[in-house]
Amino acid sequence: MESVLESMPEYLAGFRMTLYLTVMSGVLSLLLGTFLAACRVSPLKSLRTVATVIVEVGRNTPLTLVFVFFVFILPALGIIFPLGTIPAVIALTVYTSAFVCEAVRSGINSVGIGQAEAARAIGLGSVNTLWLIVLPQALRSVVPPLISVLIALAKNTSVASGFAVIELTATGRGLARDYPADVIWMLLGVAAFYLLITVPAGAMAGWVERKVVFSR
Amino acid sequence: MGIRPTRMVALSAACMLALAACSSDSGGGETAGGDASEGAMTEFAAGSTMATLSEQGSITIGTKFDQPLFGLVGPDGVPVGFDVEIATLIAGKLGIAPEDIEWTETVSGNREPFIQDGRVDIVVATYTINDDRKQVVDFAGPYYEAGQSLLVAKDDESIGGPDDLAGKKVCSVDGSTPAGNIAENYPDTELVTFAAYTDCLDPLRNGQIDAVTTDNVILAGYVAESPDDFKVVGDPFTAEPYGIGLMKGDDEFRTWINDTLEESFADGSWTAAWEATAGTVLPTPEPPAVDRY
């Protein structure tokens, strides 16, 4: 138990990295995912096709393979990133934005067709219809699933531990090596730090939901 | 009524399995150990771990499944390597045949818990003896002494040893002893960690990292695989005595394993085990002195 307190600096460094990966890829996935959702409902067939392919590939590939692709395969093809956080953020973003896209798209589909028709009737184009009328309503209704996606993202960052990023899980393994008598405590410490991200995220979801709720 | 044909099928399937098992047994028995038959029942003190194991006729041994030359599982699911040979030798002295050994994969992070919980009887898994670990498990041996070394690209002349590592990117495995040593003793080095040493090789080829570090014997395996790409530089800069992990406090068993190891050093079976495995790419060393702490 004391060894957990003793290793606080290591834990905090790992926690910072996990938090960085979560926030960075979270923000990027929300942006990219919403953009992909917009593409998937656009009137242009080519946009719809491209977005569908990206989403289906991202959503149906195990995250570890997405990492393998960006960390090992692309360099083998001559596209070399520096190792560490950059490929990790890219892999997490590609993977998570597929889920964000599907959540947002379900929100878009839940907005009554009359809303879009009314927007058309007052002369808005398809971009403005989506941006001003449909998306604001759609996003409010998908806060709970989006938070679930982000909580999953926070936990998924642990996959990066196998790909040259020293975050919480990797820190935990190092600590288990340094304190062989306290392996269980060390791993419980890691779990506690994950809870420090995910439990507040869940609570925040409830709060945001109450703030943005509206009746149809 | 409809059950009969199903039974026949099951029965014949069982026969086939039994046949298959027989044929693979005779194949395996010839290669490994050899001591199984001759170790026939030395008398063990009643109640000792040796007596229990030899009576039940089987043993569960933890080893690495991904370590070339020491413990590497092939397509048939049976690990091969120097650790495996040493373990087979010890089991043989207990009167346990190679096919009655149950191999369990132990990775660096779970060796202590597996021993403490009794999920494995012994661990022979490139397991470095150190004082932290001695607090929770006991070690027989060492049966080999490795040392941490550096693997670099063939044409790299800038690294000659660990003191040249400042500002360089060095790759190792997450949670391994070599990674811990670099982090602690060479803090100016940028440490990059993957899940397995083999993952470090492509980045080294691509120039994304400057060196790979772990025990010299493991690095030698990679040089043997691609002699045109890599080389090992400098002398080993740590001592990693590999021991056999067992339940803390079982001094009788530990003493017996130590005796068995010394016997194998003397009668040449240790050398034979080395030459059949790691000795294919590495010179044969002198057996280390057993440490009876």
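Residues numbered from 1 in each chain as written. Chains lettered and ligands numbered in written order. Predicted model: local features only at pLDDT ≥ 70, side-chain atom pairs only at ≥ 80, totals over all residues.

We now examine the overall build of chain A. Helix and strand counts for chain A stand at 10 helices and zero strands. Starting at the N terminus and walking to the C terminus, you meet the elements of chain A as α-α-α-α-α-α-α-α-α-α. Over its C-alpha atoms, taken along the principal directions, chain A stretches across nearly 70 × 45 × 20 Å. Buried positions account for 41% of the 216 residues belonging to chain A. (Helix = DSSP H or I, 4+ residues; strand = E, 2+ residues; numbered from the N terminus. Buried ≥ 20, exposed ≤ 12 C-beta atoms within 10 Å, placed from the backbone.)

All names here are of chain B. Spatially, five strands are ordered S5-S1-S6-S13-S7 in an open sheet, and the strand pairing comes out mixed. Whereas interior strands pair on both sides, the edge strands pair on one side only; in this sheet they are strand S5 (101–105) and strand S7 (137–146). Neighbour-to-neighbour, the strand axes of this sheet turn through a mean angle of 25°, independent of strand direction. (Pairing = 2+ DSSP bridges. Axes fitted to C-alpha atoms, helices over the stretch in contact; angles between N-to-C directions.)

This brings us to the nonpolar core. Soluble globular proteins tend to bury their nonpolar side chains together. If you look at the biggest cluster of nonpolar residues, it comprises 124 residues, and the most contacted ones within it are B:Val123 and B:Ile244. The element that contributes the greatest number of residues to this core is helix H5 (residues 85–110) of chain A, accounting for 13 residues. Leave out the neighbours within four places in its chain, and B:Ile244 touches B:Ile122, B:Val123, B:Val124, B:Phe139, B:Ala140, B:Gly141, B:Tyr143 and B:Ile257. (Core = buried A, V, L, I, M, F, W, Y, C linked by C-beta atoms within 7 Å. Contact = placed C-beta atoms within 7 Å.)

In an α-helix, one turn spans 3.6 residues; hence positions three or four apart end up facing the same way. Among the 10 residues that make up helix H9 (residues 216–225) of chain B, seven are buried, leaving the element largely enclosed by the rest of the structure. By the burial criterion, the buried members of H9(B) are B:Asn216, B:Val217, B:Ile218, B:Leu219, B:Ala220, B:Gly221 and B:Tyr222.

Now for the interface of chain B and chain A. The interface is formed by 23 residues belonging to chain B together with 20 residues belonging to chain A. Among the secondary structure elements, those contributing two or more residues to the side of chain B that touches chain A are helix H5 (111–116), helix H6 (131–134), helix H7 (177–185), strand S10 (190–194) and helix H8 (201–206) of chain B. Partitioning the side of chain B that touches chain A into residue classes produces eight nonpolar, 10 polar and five charged. (Nonpolar A, V, L, I, M, F, W, Y, C, P; charged D, E, K, R; others polar.)

Residue and element names in this part refer to chain B. With antiparallel pairing, the three strands of this open sheet are ordered in space as S2-S3-S4. A single partner strand is all that each edge strand has here, and the edge strands are strand S2 (66–67) and strand S4 (79–80). Relative to S4, strand S3 (residues 71–73) runs antiparallel, the two sharing two bridges. Paired with Val 73 across the strands is Pro 79, a residue of S4.

Residues and elements named next belong to chain B. Here Asp 83 lies in helix H4 (residues 82–93). Judged by C-beta crowding, with 30 C-beta atoms within 10 Å, Asp 83 ranks as buried. Taking the C-alpha atoms as reference points, Asp 83 and Thr 49, separated by 34 residues in sequence, lie 21 Å from one another. Filtering out sequence-adjacent residues up to four positions away, Asp 83 remains in contact with Thr 63, Lys 64, Phe 70, Gly 71, Val 124, Ala 125 and Thr 126.

Moving on, we come to the confidence of the model for chain B. Residue and element names in this part refer to chain B. Per-residue confidence for chain B averages 84 on the pLDDT scale, and 86% of its residues sit at or above 70. Counting contacts from residues 17–40, a segment whose pLDDT is below 50, to residues more than four positions away or on other chains yields 25 contacts. Scored as a whole, the predicted complex attains pTM 0.74, and scored at its interfaces, ipTM 0.73. (pLDDT = per-residue confidence, 0-100.)

With that settled, the discussion passes to the environment of B:Gly95. Following the sequence through the fold, B:Gly95 ends up in the loop between H4 and S5. The sequence separation of B:Gly95 and B:Lys231 amounts to 136 residues, and the corresponding C-alpha distance is 42 Å.

Our next topic: helix H10 (residues 251–267) of chain B. All names here are of chain B. In a regular helix each residue adds 1.5 Å, so 17 residues correspond to 24 Å; H10 covers 24 Å between its end C-alpha atoms and thus fits that length. Turning to H10, its buried residues number three or more, namely Phe 253, Arg 254, Trp 256, Ile 257, Thr 260, Leu 261 and Ser 264. Down the axis of H10, the buried side of the element spans an arc of 165°, and every buried residue falls inside it. For H10, the exposed residues set more than 90 degrees away from the buried face come down to Asp 251, Thr 255 and Ala 266. Against the buried residues of H10 lie helix H3 (49–56), H4, S7, strand S13 (240–247) and helix H11 (269–276). Following H10 by one or two positions, Gly 268 adopts a phi angle in the positive range, close to 90°. (Expected span 1.5 Å × (residues − 1). Arc of directions from axis to C-beta.)

The angle between the axes and the distance between the axes are what describe a pair of packed helices. Residue and element names in this part refer to chain B. In the contact formed by H4 and H11, the axes pass within 9 Å of each other and the chain directions differ by 150°. Regarding the angle of H4 to H11, the classification is roughly antiparallel. Regarding H4 and H11, the two cross each other, and that crossing is right-handed. Judged by residue contacts, Phe 82, Glu 85, Ile 86 and Leu 89 of H4 engage Ser 269, Ala 273, Trp 274 and Ala 276 from H11. (Parallel < 35°, antiparallel > 145°, perpendicular 65-115°, else oblique. Left-handed = near helix turned anticlockwise from the far one by under 90°.)

With that settled, the discussion passes to the pairing of S7(B). Successive side chains on a regular strand alternate, one facing one side of the sheet and the next facing the other. Residues and elements named next belong to chain B. Summarising burial for S7: 10 of the 10 residues are buried, a large majority. Sheet topology places S7 next to S13; seven bridges connect them, and they run antiparallel. Paired with Phe 139 across the bridge in S13 is Gly 245.

The next subject is the pairing of strand S6 (residues 122–128) of chain B. All names here are of chain B. Counted residue by residue, S6 has seven buried out of seven residues, so it is predominantly covered. As paired strands, strand S1 (residues 59–63) and S6 are joined by two bridges and run parallel to one another. Bridge assignment links Gly 62 to a residue of S6, and that residue is Val 123. Sheet topology note: the S6/S13 ladder contains four bridges and is antiparallel. Paired with Tyr 127 across the bridge in S13 is Gly 243.

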